[in-house]
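Here's the letter readout for the chains.
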Amino acid sequence: MIVWKPNLPKSDQIANIIRERIADGTYRPDEAVPSQFQLVEEFGVARGTARKAVVKLMESGDVYTVRGLGTFVSPPKQPSS
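We now turn to the structure provided with this report. (Residues numbered from 1 in each chain as written. Predicted model: local features only at pLDDT ≥ 70, side-chain atom pairs only at ≥ 80, totals over all residues. Heavy atoms only, no water.)

## Comments concerning helix H3 (residues 47-59)
For H3, built from 13 residues, the straight-helix expectation of 18 Å at 1.5 Å per residue is met to within 8% by its first-to-last C-alpha distance of 18 Å. Of the positions making up H3, those classed as buried are Ala50, Ala53, Val54 and Leu57. An end-on view of H3 places all buried positions within 95° of arc, on one side of the element. In H3, the exposed residues that point more than 90 degrees away from the buried face are Lys52 and Glu59. (Helix = DSSP H or I, 4+ residues; strand = E, 2+ residues; numbered from the N terminus. Expected span 1.5 Å × (residues − 1). Buried < 20%, exposed > 50% of the residue type's maximum accessible area, 1.4 Å probe, protein only. Arc of directions from axis to C-beta.)

Next up, the structure:
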């Protein structure tokens, strides 16, 4: 059971949880992350909230989507020289 922080949108909190799972190796590069429907089920939120979380992850470059296949962990970022 998740304890929501009242001062942070649920979509941000879900995105942060997914980022933590990416960092700890739960979700590996090019591996699928849970679908929006799965996020709705796991966190008990509306689909729009789950969608916002995925969009935040895409905007930050943590995940990418393949139309018809799902959302996947982005490969590690290469340091710029």
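Right, picking up where we left off after that structure.
## Concerning the pairing of strand E2 (residues 70-73)
For strand E1 (residues 63-66) and E2, the ladder comprises 4 bridges, and the chain directions are antiparallel. Its bridge partner being in E2, Val66 is matched across the sheet by Gly70. Remark: 3 residues form the turn of the hairpin made by E1 and E2, two consecutive strands paired antiparallel; Gly68 in that turn has positive phi of roughly 85°. (Pairing = 2+ DSSP bridges.)

## Some points on the packing of helix H1 (residues 10-23) against H3
The geometry of H1 relative to H3 is characterised by a closest axis approach of 8 Å and an angle of 55° between their N-to-C directions. Comparing the axis directions of H1 and H3 gives the class oblique. Classified by chirality, the crossing of H3 by H1 is right-handed. Contact residues: Lys10, Ser11, Asp12, Ile14, Ala15, Ile18 and Arg19 in H1; Thr49, Lys52, Ala53, Lys56 and Leu57 in H3. (Axes fitted to C-alpha atoms, helices over the stretch in contact; angles between N-to-C directions. Parallel < 35°, antiparallel > 145°, perpendicular 65-115°, else oblique. Left-handed = near helix turned anticlockwise from the far one by under 90°. Contact = heavy atoms within 4.5 Å.)

## With respect to the packing of aromatic side chains
Where two aromatic rings form a pair, the distance of their centres and the angle of their planes describe that pair. Applying the stated criterion across every chain, the model contains 2 aromatic pairs. Ring geometry for Trp4 against Phe43: centres 6.3 Å apart, planes inclined by 55°, an arrangement best described as tilted. Here Trp4 is found in the segment before H1, whereas its partner Phe43 is found in helix H2 (residues 36-43), with 39 residues between them in sequence. (Phe/Tyr/Trp six-rings, centres within 6.5 Å; stacked < 30°, edge-to-face > 60°.)

## Looking at the pattern of salt bridges
Going through the model one piece at a time under the given rule, you end up with 3 salt bridges. Notably, a salt bridge pairs Lys56 with Asp12, separated by 2.8 Å at the nearest N-O pair. Separated by 44 residues along the polypeptide, Lys56 in helix H3 and Asp12 in helix H1 bring together distant segments of the chain. Overall, Asp12 belongs to the partly exposed group, its relative accessible area being 21%. The residue Arg21 makes a salt bridge to Glu42 at a minimum N-O spacing of 2.6 Å. Remark: Glu42 occurs in helix H2 and Arg21 occurs in helix H1; sequence separation between them is 21 residues. (Salt bridge = Lys/Arg side-chain N within 4 Å of Asp/Glu carboxyl O.)

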